Amino acid sequence: MFQKRQLRIIYLVILIVVIVLIYKSFTQHRQNEEDVEQTSGGDALQKPNAPVYVVVYYEALCPDSKNFVLHQLLPAYERAPELMDIEFVPFGKASWTTKSDGSLEFDCQHGPIECEANTIHACVVEAVREPRTLLDMVACMIKNNIIPRDTFYRCAKEHGVEIESIKKCYDSPHGAELLKVHGEATHALRPAVTFIPTVTLDGAQYVQKSILKDLFGNVCQVVSGRGPKPDVCK
């Protein structure tokens, strides 16, 4: 009789332990789901009208990059700045090597002048944080980058951008390090870059030909996929 009571007690303890473990497993799973929703970059789903993250991988002397910035990116932003959060990655189809003294040497698709211009663009991208001013600076410089430093000075004065700190950047190893960072970001893109400019919308490449010909339409399509179509897209 005593043994039977012991067995019942043991079974009861085991049952309680199993119930506790199941409960903990369930609550932990729910917590993990909540953590994922908060940290996995799902803000776009929670905020239908959040701006589309537009990243432009370009080159300072590239005619196609120039055409895209001036005839697609700038007009689209002017039409609906609230729909876009723009990031510039000046590098393109360049490459770099590290010399014996530790300095960086770049080889750019359109020659040494483009390497210089890309470095200046990289310093501008780091220094200018106001979105419209940065877009205006990139658009101004990419119109004519044949003499990159003169172009930078003119555009900085035109748009009220502080000159000396940016000049210090591109005249120092920091400018080269920034350009390398842009190079690493460009090389990390998947699918790999085959055409410049390459433009991603919320991290996706979609159909590049369509984006390069109608950026605004594609941005509206991404936003509309989250919820109601914004009035500006109708």
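What you see is a predicted model; the values in this text were computed from it and never measured.

Undergrad: It is not clear to me how the sheet that holds strand S5 (residues 198–201) should be interpreted in this structure. Could you clarify?
TA: Strand-to-strand pairing in sheets goes through backbone hydrogen bonds, with the strands running parallel or antiparallel. Read from one edge of the open sheet, three strands run S2-S1-S5, paired in mixed fashion. Looking at the sheet topology across the chains shown, the edges are occupied by strand S2 (84–90) and S5. Averaged over all adjacent pairs, the angle separating strand axes in this sheet is 15 degrees, with direction ignored. Judged from the four bridges that link them, strand S1 (residues 52–58) and S5 form a sheet pairing that is antiparallel. Paired with Val54 across the two strands is Leu201, which belongs to S5. The sheet strands contacting helix H3 (residues 63–79) are S1, S2 and S5, and the helix crosses S2 at an angle near 165 degrees.

Undergrad: Where do I start with unusual backbone geometry in this structure?
TA: Of all residues except glycine, most have a negative phi; of all peptide bonds, most are trans. In the segment running from Arg190 into Pro191, the intervening peptide bond is cis, with an omega of 0 degrees. The topology assignment puts Pro191 in the loop between helix H8 (173–188) and S5. Residue Ile196 is joined to Pro197 through a cis peptide bond whose omega torsion reads 5 degrees. Its place among the elements puts Pro197 in the loop between H8 and S5. Phi is positive for Asp202, which is not a glycine, with a value near 55 degrees. Mapped onto the elements of the fold, Asp202 is located in the loop between S5 and helix H9 (208–213). Since its relative accessible area comes to 33%, Asp202 is described here as partly exposed. Positive phi outside glycine occurs at Tyr206, with the angle close to 50 degrees. Summarising the element assignment, Tyr206 is placed in the loop between S5 and H9.

Rules behind the numbers
- Residues numbered from 1 in each chain as written.
- Predicted model: local features only at pLDDT ≥ 70, side-chain atom pairs only at ≥ 80, totals over all residues.
- Heavy atoms only, no water.
- Pairing = 2+ DSSP bridges.
- Helix = DSSP H or I, 4+ residues; strand = E, 2+ residues; numbered from the N terminus.
- Axes fitted to C-alpha atoms, helices over the stretch in contact; angles between N-to-C directions.
- Contact = heavy atoms within 4.5 Å.
- Buried < 20%, exposed > 50% of the residue type's maximum accessible area, 1.4 Å probe, protein only.

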